[in-house]
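Each chain, letter by letter, is given below.
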Amino acid sequence: DAKTTQPPSMDCAEGRAANLPCNHSTISGNEYVYWYRQIHSQGPQYIIHGLKNNETNEMASLIITEDRKSSTLILPHATLRDTAVYYCIALSGYALNFGKGTSLLVTP
Amino acid sequence: DAGVTQSPTHLIKTRGQQVTLRCSPKSGHDTVSWYQQALGQGPQFIFQYYEEEERQRGNFPDRFSGHQFPNYSSELNVNALLLGDSALYLCASTIRLANEQFFGPGTRLTVL
């Protein structure tokens, strides 16, 4: 599975959009991009995934660049409950291996 | 609808001992995966069970073994515990090997 690179930490004001970037420049054609998050002291939570097209669900939007070398997870109106570590994973098989992720702090 | 449950929540063992952790998947799920999360790190894949067979295994030694029962619940066994095995052990379940996995709260294992 392709290596992903994420900034170690980000801040976002409550009510604003949080845009979390992920670089996966070596991603192959059959690898999906998955996003999970982990709130302190809980197990990870699935957010969204995509292959080529942009995706949106009730939690977030996923924007994948045309060359698929990077993506951005967008939380449209961040709340304090969105404070968590966000993981971006490029995957073609079944083994989710999480990197260190981005620690997002949403502030009042 | 019960989510993924794990037992025990906390466990303390000494080096060389053996430990068994248990997981019940979310209702309707038939696939169980196990992960190890060391302090400050992301979870690392140990193995996955589907139809009572180990389908895929991560880079973990044979000291780590597992089992899936006909009711889809699963056990993780670790033999000859090392200090480095201290971690949060997470169980996740899904349907038919899908990657949208639901995680349990984990078992915190401390090896002294």
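Parameters at a glance
Residues numbered from 1 in each chain as written. Chains lettered and ligands numbered in written order. Predicted model: local features only at pLDDT ≥ 70, side-chain atom pairs only at ≥ 80, totals over all residues. Heavy atoms only, no water. Salt bridge = Lys/Arg side-chain N within 4 Å of Asp/Glu carboxyl O. Helix = DSSP H or I, 4+ residues; strand = E, 2+ residues; numbered from the N terminus. Buried < 20%, exposed > 50% of the residue type's maximum accessible area, 1.4 Å probe, protein only. Core = buried A, V, L, I, M, F, W, Y, C linked by side-chain atoms within 4.5 Å. Contact = heavy atoms within 4.5 Å. Pairing = 2+ DSSP bridges.

Caption draft 1: The pattern of salt bridges, seen in detail. All names here are of chain B. Using the criterion set out here, one finds 5 salt bridges over all chains in the structure. With a shortest N-O distance of 3.4 Å, Glu75 and Arg22 are connected by a salt bridge. Note that Glu75 is positioned in strand E8 (residues 74-78) and Arg22 in strand E3 (residues 19-24), a separation of 53 residues in sequence. Glu75 gets classed as buried once you look at its relative accessible area, which sits at 18%.

Caption draft 2: Region of interest: the nonpolar core. Residues Leu20(A), Trp35(A), Leu73(A), Leu75(A), Tyr86(A) and Leu104(A) are the most contacted members of the largest nonpolar core, which totals 22 residues. When residues of this core are traced back to their parent elements, those giving at least two are strand E2 (18-23), strand E3 (32-38), strand E4 (45-50), strand E6 (61-64), strand E7 (70-75), strand E8 (84-91) and strand E9 (102-107) of chain A. Of all the elements, E8(A) adds the most residues to this core, at 4 residues. The contacts of Leu20(A), once residues within four sequence positions are left out, are Met10(A), Trp35(A), Ser71(A), Thr72(A), Leu73(A), Leu75(A), Tyr86(A), Thr102(A) and Leu104(A). If you look at the next biggest cluster of nonpolar residues, it comprises 20 residues, including Val19(B), Phe47(B), Phe60(B) and Leu81(B).

Caption draft 3: Fine view of the pairing of E9(A). Residues and elements named next belong to chain A. On E9, burial follows the alternation: Thr102, Leu104 and Val106 on one face are buried, whereas Ser103, Leu105 and Thr107 on the facing-out side are not. Summarising the sheet, strand E1 (residues 9-13) and E9 pair through 5 bridges and their orientation is parallel. Residue pairing for E9: Cys12 is matched across the bridge by Val106. Here 3 bridges tie E8 to E9, and the two strands are oriented antiparallel to one another. Bridge pairing links Ala84 to Leu104 in E9.

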